[in-house]
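# Observations on the three-dimensional arrangement
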Amino acid sequence: MRILVLGGDGYLGWPTALHLSAVGHDVGVVDNFARRRYDDELGTTSLVPIASLARRIAAWRAESGHSLESYVGDLTDPVFVHQTVRRFGPEAVVHFAEQRSAPYSMVDQAHAVYTQTNNVVGTLNVLFAIAELDPAIHLVKLGSMGEYGTPDIDIEEGWLEVHHKGRTDRMLYPKRPGSFYHLSKVHDSHNLEFACRVWGLAATDLNQGIVYGQETEETRGHRDLLTRFDYDAVFGTVLNRMVVQAACDHPLTVYGSGGQTRGMLDIRDTVECIRLACEHPAAPGEFRVFNQFTEEFSVRAIASMIQAAAGDGVRVQTVPNPRVEAEDHYYHAAHSALLDLGLQPHHLQDTLVESLLAIARRHRSHVDPSLFEPSVQWRSTASPVGPRASEFVA
Ligand code: NAD
Ligand code: USQ
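### So, the sheet that holds strand 5 (residues 138-144)
The sheet built from seven strands is open, its strands ordered 3-2-1-4-5-8-12 with parallel pairing. Of all the strands in the sheet, the pair left with one neighbour each is strand 3 (68-72) and strand 12 (287-292). Each strand axis lies, on average, 20 degrees off the axis of its neighbour in the sheet, ignoring direction. As paired elements, strand 1 (residues 2-6) and strand 2 (residues 26-31) share five bridges and run parallel to each other.

Next up, the structure:
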């Protein structure tokens, strides 16, 4: 298949592009390097050094003999999106290219507006390009388990059968997310469902849980193929952060009581889920939703597992929660669709010991411990992080 990977320079987009290429698909990557610029803004950097996109592509060609086409541009530019989809001629578009940090979206008004504009407008431009150029293109869009929030009932895969006053309908599952970033994904999901219903597009919304890990089969081969690894309080996610904290004897930062429970998956399962979704497309007019995670853990349980794996001396520190979120809640989410397509999950217990702690320990001398400190407060409308996004974006 010809598959265009939007956000193909990012943490997940890059290894996914390589995985799709390795199994024989013709892959193109699109990116505007926004993620590299957030690092400049925040004074952060990937713990594992990453090569430029040009070097990455050259290294992949040398390693595998496969080429990757690249398109540098911004999805919020409708002309760029239209031209890129027309030139590449994909059968599937995988869309990772969004601002993906909840804390970044909560810094202040400018960061919230930037996040929602970037994500919602970019996705609209992709939907219009597909509708105008070739409605048969299957859109595989990265959503988030956090779109659902933590309702007191079971979470289904996107849809809910509702019985009301003697009548029944199948409706989009009600959403109650926890940040302006997660809300941007909810807005995207509604726009996708509308485009499928009205224009007959075929889309798969992958409500992904929190991804951990840094190595895939394809990135391991050469240092120019490595993907990024974030541990700072804005872009680092809980498990990746705690592994780095353990590697440099910093206490593990549990926000609040630590009962927050989330679906999680290994980065090797992310790339495989995308392959499965592309190779088993949604039908014309179908808005298909998969919950993409393999195991669920509370923050407290993650800290205990890391303590046990890293050995004596690792401490847990309870930090006043900078977020507004339920800390002890019901959590039971369906996630059978990708398993039914053949996903063979990796398990955190194995990845922690075999790979994650070793990576963090190898790079610990480059860690800046000041970046562990949570810097964005949900209750405040202006947190002191970097310049205003409007200046940064300009
Ligand atoms: P990332 O920030 O590393 O990658 C996103 C890439 O998209 C970056 O390279 C960025 O430069 C690019 N991008 C952003 N806006 C763009 C635009 N307007 N035009 C062109 N390129 C643009 O993030 P990631 O961790 O790889 O996440 C990828 C996707 O998966 C996101 O949509 C995210 O919401 C979703 N997701 C991630 C996780 C996770 O744990 N990392 C979990 C669930 C869902
Ligand atoms: N947390 C801690 N300590 C930390 C960091 C986080 O206790 O040091 C807690 C948070 O309060 C939260 C939970 O861990 O309850 C998860 O936080 P996170 O930063 O790991 O994840 P989140 O903000 O939800 O976002 C990440 C990705 C996002 C993706 C989402 C999937 O950045 O792109 O959409 O995971 S999900 O969580 O399923 O919505």
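Next comes the rest of the write-up.
### Details of the sheet that holds strand 13 (residues 295-298)
Two pairing modes exist for strands in a sheet, parallel and antiparallel, and in both the strands are linked by backbone hydrogen bonds. Across the sheet, three strands lie side by side as 9-11-13; this open sheet has mixed pairing. If you trace the sheet from one side to the other, it starts and ends with strand 9 (210-212) and strand 13, each paired once. For this sheet, the mean angle separating the axes of adjacent strands, direction not counted, is 45 degrees. In the packing of helix 9 (residues 267-279) onto the sheet, contacts are made with strand 9 and strand 11 (261-266), and the angle to strand 11 comes to roughly 75 degrees. Strand contacts of helix 12 (residues 348-362): strand 9, strand 11 and strand 13, with the helix running at about 40 degrees to strand 9, the strand carrying the most contacts.

### Section: the site of ligand 2
Around ligand 2 sit 21 residues, and of these Ser144, Tyr181, Val238, Thr253 and Glu325 come closest. Between ligand 2 and His182, the relevant distance is 3.0 Å, taken from an oxygen atom to a side-chain nitrogen or oxygen of the residue. Note that an oxygen atom of ligand 2 is positioned 3.4 Å from one of the side-chain N or O atoms of Arg262. Relative to its unbound accessible surface of 730 Å², ligand 2 loses 95% to contact with the protein. Where the shell around ligand 2 is concerned, the elements lending two or more residues are helix 7 (180-199), helix 8 (238-247) and strand 10 (252-255). With three residues, strand 10 is the largest single contributor of residues to the shell around ligand 2. Here the residues of the shell around ligand 2 sort into eight nonpolar, eight polar and five charged.

### Comments concerning the pattern of salt bridges
With the rule as written, the count across this model stands at 21 salt bridges. Here Arg35 makes a salt bridge to Asp230, at a shortest N to O gap of 3.2 Å. With Arg35 in helix 2 (residues 34-42) and Asp230 in the loop between strand 9 and helix 8, the pair connects residues that are 195 residues apart, well separated along the chain. Comparing Arg35 with Asp230 shows no difference in burial state: the two are buried. A salt bridge links Arg55 to Asp224, with the nearest nitrogen and oxygen atoms 3.2 Å apart. With a gap of 169 residues between them, Arg55 in helix 3 (residues 53-64) and Asp224 in the loop between strand 9 and helix 8 connect regions that are remote in the sequence. Residue classification places Arg55 among the partly exposed positions, given a relative accessible area of 46%.

### Let's talk about the environment of Tyr181
The topology assignment puts Tyr181 in helix 7. Residue classification places Tyr181 among the buried residues on the basis of a relative accessible area of 7%. Between the C-alpha atoms of Tyr181 and Gly146, which are 35 residues apart in sequence, the distance is 9.6 Å. Leave out the neighbours within four places in its chain, and Tyr181 touches Gln99, Arg100, Ser101, Ala102, Ser105, Thr115, Asn119 and Ser144.

### Describing the site of ligand 1
Around ligand 1 sit 26 residues, and of these Leu12, Asp31, Asn118, Tyr181 and Lys185 come closest. Between Gly10 and ligand 1, the recorded distance is 3.3 Å, taken from a backbone N or O atom to an oxygen atom. Taking Phe96, its main chain carries an N or O atom lying 3.1 Å from an oxygen atom of ligand 1. Counting only elements with at least two residues in the shell around ligand 1, the list comes to helix 2, strand 5, helix 7 and strand 9. A breakdown of the residues in the shell around ligand 1 according to their chemical character gives eleven nonpolar, eight polar and seven charged.

### Regarding the state of the cysteines
What the rule picks out here adds up to zero disulfides. Here Cys196 is not cross-linked by a disulfide; its sulfur's nearest cysteine counterpart is in Cys278, at 15 Å. Cys273 takes part in no disulfide bond, and the closest cysteine sulfur, belonging to Cys278, lies 11 Å away.

### Details of the packing of helix 4 (residues 78-88) against helix 6 (residues 109-133)
In the contact formed by helix 4 and helix 6, the axes pass within 9 Å of each other and the chain directions differ by 45 degrees. Judged on the interaxial angle alone, helix 6 and helix 4 are oblique. Every pair of crossing elements has a handedness; the one defined by helix 4 and helix 6 is right-handed. Across the interface between the two elements, Pro78, Val81, His82, Val85 and Arg86 of helix 4 pack against Asn125, Val126, Ala129, Glu132 and Leu133 of helix 6. Residue composition of the contact of helix 4 with helix 6, by class: six nonpolar, two polar and two charged.

### A closer look at the packing of aromatic side chains
Applying the stated criterion across every chain yields a total of ten aromatic pairs. A ring pair is formed by Phe128 and Trp199, whose centres lie 4.9 Å apart and whose planes are at 75 degrees; its orientation type is edge-to-face. Remark: Trp199 occurs in helix 7 and Phe128 occurs in helix 6; sequence separation between them is 71 residues. Relative accessible area serves as the criterion here: at 40%, Phe128 is assigned to the partly exposed category. Taking the centre distance of 5.3 Å and the plane angle of 90 degrees together, the rings of Tyr148 and Tyr173 count as edge-to-face. Linking Tyr148 in the loop between strand 5 and strand 6 (159-164) with Tyr173 in the loop between strand 7 (167-172) and helix 7, this pair joins segments that are 25 residues apart in sequence. For the pair Tyr148 and Tyr173, one class covers both residues: buried. Pairwise contacts between aromatic rings join Tyr38, Tyr104, Tyr114 and Phe235 into one cluster. In this arrangement the basic side chain of Arg35 is found over the ring face of Phe235, its NZ or CZ atom lying 3.9 Å from the centre.

The rules we used
- Numbering of residues begins from 1 in every chain and follows the order in which that chain's sequence is written.
- Chains and ligands are labelled sequentially in the order written, the chains with letters from A and the ligands with numbers from 1.
- Given that this is a predicted model, residues contribute local features only at a pLDDT of at least 70 and side-chain atom pairs are listed and counted only at 80 or more, while totals for whole chains, interfaces and linings are drawn from all residues.
- As a rule here, side-chain values cover all heavy atoms of the structure and leave hydrogens and water aside.
- Pairing between strands is defined by DSSP: at least two bridges between them are needed.
- Going along the chain from the N terminus, every DSSP run of H or I of four or more residues is numbered as a helix, and every run of E of two or more is numbered as a strand.
- As a rule, the C-alpha atoms of each element are fitted with a line to give its axis, helices using only the stretch in contact, and angles between N-to-C directions run from 0 to 180 degrees.
- Throughout, a residue-residue contact means that at least one pair of heavy atoms, one from each residue, lies within 4.5 Å.
- Throughout this document, a residue counts as near a molecule or strand when at least one of its heavy atoms sits within 4 Å of that molecule or strand.
- Pairs of N or O atoms within 3.5 Å make up the polar contacts considered here, provided that, within protein, one atom can donate a hydrogen while the other can accept it, and that residues adjacent in sequence are counted only when both atoms are side-chain atoms.
- Areas reported here follow the Shrake-Rupley algorithm with a probe of radius 1.4 Å; residue values treat only the protein chains shown as occluding.
- All residues other than Ala, Val, Leu, Ile, Met, Phe, Trp, Tyr, Cys, Pro, Asp, Glu, Lys and Arg, Gly among them, are scored as polar; the first ten of these are nonpolar and the last four charged.
- One side-chain nitrogen of Lys or Arg within 4 Å of one carboxyl oxygen of Asp or Glu is enough to make a salt bridge.
- Remark: exposure states derive from per-residue accessible area (1.4 Å probe, protein chains only) relative to the maximum for the residue type, with buried under 20%, exposed over 50%, and partly exposed in between.
- Note on terminology: disulfide denotes any pair of cysteine sulfur atoms within 2.5 Å.
- Small angles under 35 degrees read as roughly parallel and large ones over 145 as roughly antiparallel, with 65 to 115 read as roughly perpendicular and the rest as oblique.
- Here a crossing is called left-handed whenever its near helix is offset anticlockwise from the far helix by less than a right angle, and right-handed whenever the offset is clockwise.
- Aromatic rings from Phe, Tyr and Trp, with only the six-membered ring used for Trp, were paired whenever their centres fell within 6.5 Å, and each pair was classed as stacked if the ring planes differed by under 30 degrees, edge-to-face if by over 60, and tilted otherwise.
- Either the NZ atom of lysine or the CZ atom of arginine qualifies as a charge over a ring when it sits within 6 Å of the ring centre and within 35 degrees of the ring normal.

By themselves these figures say nothing about function.
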